[in-house]
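Structural overview for review
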Amino acid sequence: MTSISLAASPSKSAFALRYSDAGFDPVAADFAPSKDALTAYGAKTTSATVARVPGPKGNVLVVGSNGLSLRDFGAVVRREALTDVSLVAAVETEAQLLQLLEGLLLGGKTPTRFKKATLDPVSFEVVVPANLVTTDFSRTEKIAGQIVAIRELINLPANELWPDKLAQEAKSLATGLPIDVEVWDENRLEAERCGGILSVGKGSVRPPRLVKLSYHGGGKHIALVGKGITFDTGGLSLKPAEGMVGMKYDMAGSATVLGAILGIATLGLKVNVTAYMCLAENMPSGSATRPGDVITIRNGKTVEVLNTDAEGRLVLADGLSLAQETNPDHIIDVATLTGAARIALGDRYAGVMGHGDAVKLTLESASAVDELLWEMPLPPELRTILDSEIADLANVKIGNRAGGMMVGAQFLADFVNKETSWAHLDIAGPANNDAAPYGVIPKGASGIMIRSLIELAQRVAQ
Ligand code: BES
Ligand code: ZN
Ligand code: ZN
């Protein structure tokens, strides 16, 4: 939808370009147009950072980054652009240019096939200093395309996306990349003793799946585990009507790990990555798991399921057990795990909990690519409350409302070795965006943490 070409500025700085026809002076790199100035330039529309003005070759976006990062700035430009435009921006290095292009590619609305003609194709001609005109941005373009495809997948309503369908979508997105894909159906899950995924999927006529994606770049091994509930009704512990809206997004964690491995394989990083997508639809029915049922997870631990709405931790328990068996250098799981994450951190920050290097690695990686991630503790007393009389642990403490995000993480910790470098990312807040677009995040699915995980793999590969 968004296509980009580069054009060389005749001078060293793109900002030295003169559009004398348009009647304004060369723009300094720190140009932040005032409303009055924009009006004087004949700008058609204005915002704090962008003005669309007539130039010699049609519309020109005159821009001042106004304190925004180049990436966020590119995203603002993408949202402002209604027609094909030339863009002049304060870019001096290749890294800066790639960030700007990433913003242009990620900032737009996510396509949907359920609404006709919602998106106009827009092409950008980005005017850059002559030495940057041959910059190869094909990988930036490809990865941004993958992130948009993942957003589309996350946005799909549950009547269009169920566990097997998501497994097939994962396969087709991985086609052409050096990624092995295995799909475990319900029989294989039974044979592999994946009692968590099976118990969550039991209530649905659309059976659960596990997708295992493997990329062999050599070197260190990262295991990624994603929560993939294609719809979360809560099961027999049924959610109230308002709480159920948006639960089509409950597979975002699995889509995130898919997006990450696609990106890592596209870059050909020297690292081994295994991604486990734990897929089920959480439905109430005559065959559903009942509160009080005891199930056995892949690693042999038994769980008393006191609330069937705390299902994410059950499917992740199997995925984490499988990951742990291979003794990877790092395990990272991603999940829309708890409503409590939103209460604690709001709708823009993801929470990270865990032990070992992985926590610091995720924080540093997220910060490097401007994604919002905040560390939360793993208090031991929040594990004790999950003790059960009849099983190794319970999936919730009935009546407890304190520290729900950390309680969820403490449950998961039972399925990872203490010495293992492990990070749990709770993305319940930022996985989707109901409000106005911000930064590179459009409305709907955000695709958050994909770029952080790719960055993390890059750091581990070095
Ligand atoms: N999928 C939800 C968490 C969620 C809530 C994600 C809101 C995004 C927005 C999860 O499966 C869930 O229902 N968690 C329960 C846990 C509770 C029963 C301990 C919750 O948060 O209420
Ligand atoms: Zn739930
Ligand atoms: Zn859920």
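Residues numbered from 1 in each chain as written. Chains lettered and ligands numbered in written order. Predicted model: local features only at pLDDT ≥ 70, side-chain atom pairs only at ≥ 80, totals over all residues. Heavy atoms only, no water.

Here the focus is the site of ligand 1. Close to ligand 1 lie 16 residues; Lys 239, Asp 250, Asp 309, Glu 311 and Gly 339 are nearest. In the model, an oxygen atom of ligand 1 is placed 2.9 Å from a nitrogen or oxygen of the Asp 232 side chain. The contact in question runs from an oxygen atom of ligand 1 to an N or O atom on the side chain of Asp 309, over 2.8 Å. Contact with the protein chains removes 75% of the 520 Å² of surface that ligand 1 exposes when unbound. One can see that ligand 1 is located within the largest pocket. For the shell around ligand 1, the elements supplying multiple residues, two or more each, are strand 8 (221-232) and helix 11 (339-345). Along the lines of polarity and charge, the residues of the shell around ligand 1 split into four nonpolar, four polar and eight charged. (Near = heavy atom within 4 Å. Polar contact = N/O pair within 3.5 Å; in protein donor to acceptor, adjacent residues only side chain to side chain. Areas by Shrake-Rupley, 256 points an atom, 1.4 Å probe, with all protein chains shown as cover. 1 Å grid on protein atoms, 1.4 Å probe; cavity = no way out; pocket = protein on both sides within 12 Å on 5 of 7 lines; lining within 4 Å. Sits in = over half its atoms within 2 Å of the grid points. Helix = DSSP H or I, 4+ residues; strand = E, 2+ residues; numbered from the N terminus. Nonpolar A, V, L, I, M, F, W, Y, C, P; charged D, E, K, R; others polar.)

Looking now at the layout of surface pockets. Where empty space is left becomes clear once a probe the size of a water molecule has been rolled over the atoms. Approximately 1300 Å³ is the volume attributed to the largest pocket. The set of elements that each furnish at least two residues to the lining of the largest pocket consists of strand 8, helix 8 (241-244), helix 10 (312-325), helix 11, helix 14 (404-413) and strand 17 (432-433). Tallying contributions element by element places helix 11 first for the lining of the largest pocket, with five residues. Grouping the amino acids of the lining of the largest pocket by side-chain chemistry returns 20 nonpolar, 14 polar and 14 charged. (Points joined across faces, edges and corners; volume = space filled by probe spheres on them.)

The zinc ion (ligand 2) binds to the protein through Asp 232 (OD), Asp 309 (O), Asp 309 (OD) and Glu 311 (OE), with metal-donor distances spanning 2.0 to 2.2 Å. Every donor counted, the six donor atoms about the zinc ion (ligand 2) form angles of 70 to 167° at the centre, which fits irregular coordination. Every donor residue of the zinc ion (ligand 2) comes from the same chain, spaced as D-x76-D-x1-E. A gap of 3.2 Å separates the zinc ion (ligand 2) and the zinc ion (ligand 3), which Asp 232 links by coordinating each metal. Taken as a pair, Asp 232 in strand 8 and Glu 311 in the loop between strand 11 (302-305) and helix 10 lie far apart in primary sequence, 79 residues in all. On the accessibility criterion, Glu 311 (1% relative accessible area) is buried. (Donors = N, O, S within 2.8 Å, 3.2 Å for Na, K, Ca; no water. Tetrahedral: all angles 85-135°; square planar, octahedral: opposite > 155°, others 65-115°. Buried < 20%, exposed > 50% of the residue type's maximum accessible area, 1.4 Å probe, protein only.)

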